[in-house]
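Summary of structural features
Here's the letter readout for the chains.
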Amino acid sequence: MTSVINSDKIPNNVDLSSDKKLQRALEAWQPRFIDWWKEMGPEGFQEDQVYLRTAISVDHDGWAHFDYVKMPDYRWGIFLTEPEPNRKIGFGDFYGEPAWQTVPGEFRNSLRRLIVTQGDTEPASVEQQRLLGQTCPSLYDLRNLFQVNVEEGRHLWAMVYLLHSYFGRDGREEAEALLERRSGNPDKPRILGAFNEPCQNWLSFFMFTYFTDRDGKYQLLALAESGFDPLARTTRFMLTEEAHHMFVGETGVMRVVQRTAELMKKNRHEDARAEGGIDLPTIQKYINFWYSVSLDLFGGEISSNAANFFAASLKGRAKEDGYTDHRVIDGSYAMDVPVADKESNVTGWKKEDVPLRNAMNEVLRDEYVRDSQRGLEKWNRVLEEAGIQYQFRLPSRRFHRQNGIYGGLYFDVDGNPMSKEDWEKSRDGWLPSAADEAYVASLMTAPVYEAGKMAHWIAPPKQGIKGRPVEFEYVRR
Amino acid sequence: MEHAAPSSQEPIRFEAHPSGYKHWVLTFDGPIARLAMDVNQEHPLRPGYELKLNSYDLGVDIELADAVERIRFEHPEVKVVLVTSAQPRIFCAGANIYMLGSSTHAFKVNFCKFTNETRNSLEEACSESGQHYVAALNGVSSGGGYELALACEKILLADDGNSAVSFPETPLLAVLPGTGGLTRLVDKRKVRRDLADVFSTLAEGIRGRRAQEWNLVDESIAKSKFDATVKERALTMAAATPDKVGAGLTLAPVTPKRSTEKGWLKSEYTHVTLTVKPNDRLAEIEVRGPSSAESLAGESLRAAGNDLWIFRAFRELNDALLDLRFNHETAGLVLLTTKGDPEKVRAADKALLDLEASGDWLAHEIRLYVKRTLKRLDLSARSMFAILTKGSCFAGSLFELALAADRSYMLDDEDEPVQIGLSGMNHGPLPMSNGLTRLQTRFLGRPAIPTELVGVTELMDAATAKERGLVTFTPDAMDWDDEVRLAIEERVSLSPDALTGMEANLRFAGPETMETKIFARLSAWQNWIFQRPNAVGEKGALTMYGRPERPELDWRRT
């Protein structure tokens, strides 16, 4: 093995030291990944020592090893949860058959597409967030940003491992292409729309990690059921890391809300902006935006792709065990589908009993909606405890959608149809306006590098990381 | 309509010998052979129908194919073959309708394909081998009977008030003649299209002078003078045909050793092994190269006879292909492999081509046989992947297997390079049915390449072969197993019907010939008309044939 490709530098539980094929593939890919990281990773912090968690094994102690490390020296590893002996496929047409340890040729293309689409979101989010460090509200948050970034990088490794190990030459080419696309670049964009939107400020970052990474969680939960066992095991391990990203989002928004409540209380008119905070309606607009673009990531409500993936036992439902019918040949999902005229005005609704397999995206979205509500309730409790009447809410899932049955149509946040003209007039009341963006950006013009200090618009966290105090120097500049 | 699949019955075998013919009488008189059809109605290939009125089934055609081959190889003295009937008032009523009615679709398609290949071989004997087929129609010739006559170089029809030629398929059965008849009418005999239209809808056909006037036959001859005139015409043609120097050879059987092991069906020939893996929908044909490579002379060729490597290998391949087509319907993907020394293959090719160039008719005949077998491979409705691994010998005539394949996988191993090579066989002697070599067809848009390749005489490794466009994929040793496995699994998961159509579209780029037209239109009509309710529905014409009620047709045109 080369000096770079060895089990010490690349912690793994896939027997890299005896896997010549994987070694060879990584020899070509790893240097390109590092080049990509240096070019597109967090800008301006590559030489800093960051207190990061590194997974060095899958067991209880090993998956969360903390130490200072320069990000380009981070040990991106390859981990799958331990195999479940005699695992059987849990859904679809191959229900009850032994899980596949190699890619069935019949599904090679479908699986590759699933893995590439999932894999593409990982480097995309690093690219979206690359400038955020320069406006960080604290060293604690800066460290969390980098933790999320390196783990997105590791999730890219996880998908690349599958491409390298199971898809031959095609897989190697796809792995290269994952490093060639660029978020927001019109000539070589990332695959999914939401991952081409820049993440311009920290409020967006917290919303992204709360809402968009939560889409990631549900996609991973669905893939964790896959009949292709290496994919299932890879995504199961990724889920342990994904939880931290959502923690960053949930607590991040909560700290903003808490600080806003404090600032409101200081002001006679409860005017947060006057006190230099982010007012609650603006936070609600960010919720509306990130929630709606994340809903789009689940795909169409009525989808033949979703049906095919389920039928082929490639992508199941989140926590498939909780269902009783795993083949889902007969079931249906009742949907009200909007009927629109040429001007995109909704003229009526038709009831459709969509075959359940075709509605799998919507089934997964339902779980997501429920899960998204939970954090919102915690934020509302902060407001309640502060004695503030305002309550956050998730907008209707019809609001501001780009694809699926509501895509291209116009609905208010309660899901009532409206004309394009009316919607555009009301837009800035629902979604961050240019002025809102400018205001939020104006709060975040300079980074806070002093250990323990917080930017004015955000409250400190309740506790630090891994038993360290909040004042700990999480990033050594 | 669809009965038990043939695979559930005894397998069909394709070897025959005149001593065992049930349906033909083959006699020789100097330069003239007489091949008289005398179908024994009690001996259909499968039980369930009677072969009345010299109607034929596959069993009859297997004997015909055998006869045509034997006349070519065993009887160089024969210059004219009279195809006639040994039964009164009927030459041949065509393919047996009840046989067709009780066969699976796949069987019908393969039956028609085989009969077409036999007729093409008969035409090739006329144009390439100095053996002129003359149809002496001494009775009614309808459907496939007239199509057999159309494949002959000359058609002589008895003018007796009874003997007619006809295509009753459209008016009586709502299907089409399945052995190239319509194409040959207008393309070969150049019958005016409006007259051909009238003829093809006239169930009772056309007799006597009018048949001659429309060029449906070459001569209409009064009954009293028929035999004498036929003989006279045969002798005239024979006199105009040069003699062949050198003896023929007696075709020996190439029966393989068959065994079943782990559910795999193995047919082991001397140079070929066919392995069918029904559970994987897969078959593998391995062709082994020659063990020695010496130059050939007329005597050494005849001394080697049936055991000449290239002849035996391709006869075995031919038999394996027919076995695959008729007896292993679900083996949708065929992996073509070879084993041996590529240089020895090229030497064997050269030896045969040199001897042919010196004028030896038997060398010429063997080369034509190789050509026909490769066409049969092209025309087999199976996906084909050539797998070029260590110890393979895809060179010259055996490289044609890789060129015939839908794609090829060649192992790229620096330590122990797999090599391919070209020989004279790749540059003209083995054209496809479109009249082009497989290299010309492959590089249709870049015609300079096949010409340049004539100058490439060294063996090529995987990188070179890939660069020259001669192979599709060249995975290295680390990728090989996965790449090939995935490609195989993916292929056998696709619809067999769509693949058949797709492959047939892609394989035959380039110009149309009578052969390509016949096979293309055959598959088009068989796969459409023969599946339509107007033919095979409950009240379809083919279903109702011979029953008291009339068929009911759906009158909508497409």
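Residues numbered from 1 in each chain as written. Chains lettered and ligands numbered in written order. Predicted model: local features only at pLDDT ≥ 70, side-chain atom pairs only at ≥ 80, totals over all residues. Heavy atoms only, no water.

Section: the domain arrangement of chain B
Residues and elements named next belong to chain B.
- You can read the domains of chain B as domain 1 (6-239) and domain 2 (257-502).
- Distance from the C-alpha centre of domain 1 to the C-alpha centre of domain 2: 33 Å.
- If you look at the interface, domain 1 gives 24 residues, while domain 2 gives 22 residues.
- Buried surface at the junction of domain 1 and domain 2, both sides included, amounts to about 2100 Å², of which 53% is carbon and sulfur.
- Between the two partners, domain 1 and domain 2, sit seven salt bridges. (Domains from an automatic or database assignment. Contact = heavy atoms within 4.5 Å. Buried area = accessible area lost by both parts, 1.4 Å probe. Salt bridge = Lys/Arg side-chain N within 4 Å of Asp/Glu carboxyl O.)

So, the packing of helix 2 (residues 108-128) of chain A against helix 5 (residues 202-223) of chain A
Residues and elements named next belong to chain A.
- Where helix 2 meets helix 5, the closest approach of the two axes is 12 Å, and the angle between their N-to-C directions is 160 degrees. Here helix 2 lies roughly antiparallel to helix 5, going by the angle between them. As for the relative orientation of helix 2 and helix 5, their crossing is left-handed in sense. When helix 2 is examined against helix 5, the residues Leu114, Gln118, Ser125 and Gln128 are found in contact with a partner set consisting of Phe208, Gln219, Leu220 and Leu223.
- Here the contact of helix 2 with helix 5 is built from residues that sort into four nonpolar, four polar and no charged. (Axes fitted to C-alpha atoms, helices over the stretch in contact; angles between N-to-C directions. Helix = DSSP H or I, 4+ residues; strand = E, 2+ residues; numbered from the N terminus. Parallel < 35°, antiparallel > 145°, perpendicular 65-115°, else oblique. Left-handed = near helix turned anticlockwise from the far one by under 90°. Nonpolar A, V, L, I, M, F, W, Y, C, P; charged D, E, K, R; others polar.)

Quick notes on the pattern of salt bridges
Residues and elements named next belong to chain A.
- The full count for this structure, using the stated rule, is 88 salt bridges over all chains.
- We note a salt bridge from arginine 32 to glutamate 176, for which the minimum N-O separation is 2.1 Å. Placement of arginine 32 in helix 1 (residues 20-40) and of glutamate 176 in helix 4 (residues 168-180) is noted, with a sequence separation of 144 residues between them.
- The salt bridge partner of glutamate 301 is arginine 365, with a shortest N-O separation of 3.6 Å. Note that glutamate 301 is positioned in the loop between helix 7 (280-296) and helix 8 (304-311) and arginine 365 in helix 9 (residues 360-385), a separation of 64 residues in sequence. Residue glutamate 301 shares its accessibility class with arginine 365, and that shared class is buried.
- Salt bridges sharing partners connect three or more residues here, namely Asp296, Glu301, Glu362, Arg365, Asp366, Arg397 and Arg401. (Buried < 20%, exposed > 50% of the residue type's maximum accessible area, 1.4 Å probe, protein only.)

Side note on the packing of aromatic side chains
Residue and element names in this part refer to chain A.
- For the structure on display, the rule yields 60 aromatic pairs over all chains.
- Measuring from centroid to centroid gives 6.3 Å for phenylalanine 45 and tyrosine 449, while their planes differ by 75 degrees, and the two rings are edge-to-face. With a gap of 404 residues between them, phenylalanine 45 in the loop between helix 1 and strand 1 (49-54) and tyrosine 449 in the loop between helix 11 (434-443) and strand 5 (475-476) connect regions that are remote in the sequence.
- Relative accessible area serves as the criterion here: at 1%, phenylalanine 45 is assigned to the buried category.
- Seen from their ring centres, tyrosine 161 and tyrosine 166 are 6.3 Å apart, and the 90 degrees between their planes marks the pair as edge-to-face.
- Since its relative accessible area comes to 7%, tyrosine 161 is described here as buried.
- With relative accessibility at 16%, the residue tyrosine 166 sits in the buried group.
- Members of the aromatic cluster, connected to one another through ring pairs, are Tyr210, Phe211, Tyr218, Tyr291, Phe298, Tyr368, Trp379, Tyr390 and Phe392.
- For the cation-ring pair, arginine 317 lies above tyrosine 323, with the distance from its terminal atom to the ring centre recorded as 3.7 Å. (Phe/Tyr/Trp six-rings, centres within 6.5 Å; stacked < 30°, edge-to-face > 60°. Lys NZ or Arg CZ within 6 Å of the ring centre and 35° of its normal.)

Description of helix 4 (residues 144-151) of chain B
- Burial runs high along helix 4 of chain B: eight of the eight residues are buried.
- Residues of helix 4 of chain B that are buried include every one of Gly144, Gly145, Tyr146, Glu147, Leu148, Ala149, Leu150 and Ala151 of chain B, and no others.

Structural notes on the pairing of strand 2 (residues 32-37) of chain B
All names here are of chain B.
- With five of its six residues buried, strand 2 lies for the most part within the structure.
- Strand direction decides the pairing type here: strand 1 (residues 24-29) and strand 2, joined by six bridges, are antiparallel. Within strand 2, the position partnered with aspartate 29 by the bridge is isoleucine 32.
- Counted along the chain from strand 1 to the antiparallel partner strand 2, the turn is two residues long, and its residue glycine 30 has a positive phi close to 60 degrees.
- When strand 2 meets strand 4 (residues 80-85), the two strands line up parallel, connected through six bridges. Among the inter-strand pairings, isoleucine 32 is bridged to a residue of strand 4, identified as valine 80. (Pairing = 2+ DSSP bridges.)

A closer look at the interface of chain A and chain B
- Taken together, the contacts link 17 residues of chain A with 11 residues of chain B.
- Of the roughly 1200 Å² buried between chain A and chain B, counting both surfaces, carbon and sulfur atoms make up 40%.
- Salt-bridge contacts for aspartate 476 of chain B lead to arginine 24 of chain A; the nearest nitrogen and oxygen are separated by 2.1 Å.
- On the surface where chain A and chain B come into contact, there are eight residue pairs in polar contact (both at pLDDT 80 or more).
- Only helix 1, helix 2, helix 3 (139-166) and helix 4 of chain A provide two or more residues apiece to the side of chain A that touches chain B.
- Per element, the largest residue contribution to the side of chain A that touches chain B is four residues, and it comes from helix 4 of chain A.
- Residue composition of the side of chain A that touches chain B, by class: four nonpolar, five polar and eight charged. (Polar contact = N/O pair within 3.5 Å; in protein donor to acceptor, adjacent residues only side chain to side chain.)

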